[in-house]
Amino acid sequence: MTTDRVYNVLFLCTGNSARSILAESILNTEGKGRFKAYSAGSQPKGEVNPHALKELEALGYPSTGFRSKGWDEFAEPGAPEMDFIFTVCDSAAGEACPVWIGHPMTAHWGIEDPAAVEGNEVEKARAFAQAARYLKNRISLFVNLPLATIDKLALETHLRQIGATEGASQKQTEAN
């Protein structure tokens, strides 16, 4: 891997309405010039969760232009070739994924679904803020990896370790 190119990163979730959208926006900002982030879902909900957009806006990240889409879009001819694919929900991690051109590096970065939190608006907002914080921390670790000087095995280890940081879902912690 070299530092003179932009790496394509795909964040996958089942619904592509919350966690993967948060990750896409955060990485496109934090990794600008080095990474181009995308997001998709195995069973897209068709709309982005408004709490995700509010949280992005509150943190100063782009919150417009997102749409909930299927991962098949990224397996079609002419789609960007991915260098990295991260699942951010446990159910997407267990599904049969399309065959990705170029054999990207993959890791599971599961966190609990903030959209599944029931309660009042404050409790929901808190869940989205927490999910965004966990994703931002993981993305910060990722963008600071020395991609040009690290071998593939070490990189795979680092990617798995990032997925096990604070906020890892129950399934993620059981896998490590």
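Residues numbered from 1 in each chain as written. Predicted model: local features only at pLDDT ≥ 70, side-chain atom pairs only at ≥ 80, totals over all residues. Heavy atoms only, no water.

A. Fine view of the environment of V6. Inspection of the secondary structure assignment puts V6 in the segment before β1 (7-13). The spacing of V6 and G31 is 25 residues in sequence and 9.3 Å in space, taken between C-alpha atoms. Apart from the residues within four sequence positions on either side, V6 is in contact with G33, R34, F35, K36 and D83. (Helix = DSSP H or I, 4+ residues; strand = E, 2+ residues; numbered from the N terminus. Contact = heavy atoms within 4.5 Å.)

B. Quick look at the packing of helix α1 (residues 19-30) against helix α2 (residues 50-59). Here α1 crosses α2 at 25°, and the two axes come no closer than 9 Å. Classified by the angle between their axes, α1 and α2 sit roughly parallel to one another. Along this stretch, α1 crosses α2, giving a crossing that reads as right-handed. Residue-level contacts link I21, L22, S25 and I26 of α1 to A52, E55 and L56 of α2. The class makeup of the residues in the contact of α1 with α2 is five nonpolar, one polar and one charged. (Axes fitted to C-alpha atoms, helices over the stretch in contact; angles between N-to-C directions. Parallel < 35°, antiparallel > 145°, perpendicular 65-115°, else oblique. Left-handed = near helix turned anticlockwise from the far one by under 90°. Nonpolar A, V, L, I, M, F, W, Y, C, P; charged D, E, K, R; others polar.)

C. Broad picture of the pairing of strand β2 (residues 35-41). Along β2, six of the seven residues are buried, which leaves the element largely enclosed by surrounding structure. Two strands pair when backbone bridges link them, and β1 and β2 are joined in this way by seven bridges, in the parallel orientation. Across the sheet, residue L12 finds its bridge partner in β2, namely A40. (Buried < 20%, exposed > 50% of the residue type's maximum accessible area, 1.4 Å probe, protein only. Pairing = 2+ DSSP bridges.)

D. Expanded view of the side chain of H51. Position of H51 among the secondary structure elements: in helix α2. H51 has contacts with E121, K124 and F128, leaving out every residue within four places of it along the chain.

E. View of the sheet that holds β2. Spatially, β2-β1-β3-β4 is the arrangement adopted by the four strands of the open sheet, whose pairing is parallel. With partners counted over all chains shown, the strands left at the sheet margins are β2 and β4 (105-108), one partner each. Averaged over all neighbouring strand pairs, the angle between strand axes comes to 20°, with direction disregarded. Contacting β1 and β2, α1 runs over the sheet at an angle of about 170° to β2.

F. Seen up close, the confidence of the model for the protein chain. On average, residues of the protein chain score 89 in pLDDT, and 88% of them reach the 70 mark or higher. Here helix α6 (residues 170-175) stands out as the least confident element of the protein chain, with mean pLDDT 52; α1 is the most confident, with 98. (pLDDT = per-residue confidence, 0-100.)

G. The arrangement of α1 in detail. With twelve residues, α1 extends 16 Å between its outermost C-alpha atoms, agreeing within 8% with the 16 Å of an ideal straight helix rising 1.5 Å per residue. In terms of burial, α1 is a largely internal element, nine of the twelve residues being buried. Those residues of α1 that sit buried are R19, S20, I21, L22, A23, E24, S25, I26 and L27. As for α1, its buried residues are in contact with β1, β2, α2 and α4 (121-143). (Expected span 1.5 Å × (residues − 1).)

H. Geometry of the packing of aromatic side chains. For the structure on display, the rule yields eleven aromatic pairs. Ring plane angle 80° and centroid distance 5.0 Å describe the contact between F84 and F142, whose orientation is recorded as edge-to-face. Here F84 is found in strand β3 (residues 84-87), whereas its partner F142 is found in helix α4, with 58 residues between them in sequence. Considered together, F84 and F142 belong to a single accessibility category, that of buried residues. An aromatic cluster is defined as three or more aromatic residues linked by ring pairs; in this entry it consists of Y7, F11, F35, F84, F86, W109 and F142. Positioned above the aromatic ring of Y38 is the side chain of K36, whose terminal nitrogen or guanidinium carbon lies 5.0 Å from the ring centre. (Phe/Tyr/Trp six-rings, centres within 6.5 Å; stacked < 30°, edge-to-face > 60°. Lys NZ or Arg CZ within 6 Å of the ring centre and 35° of its normal.)

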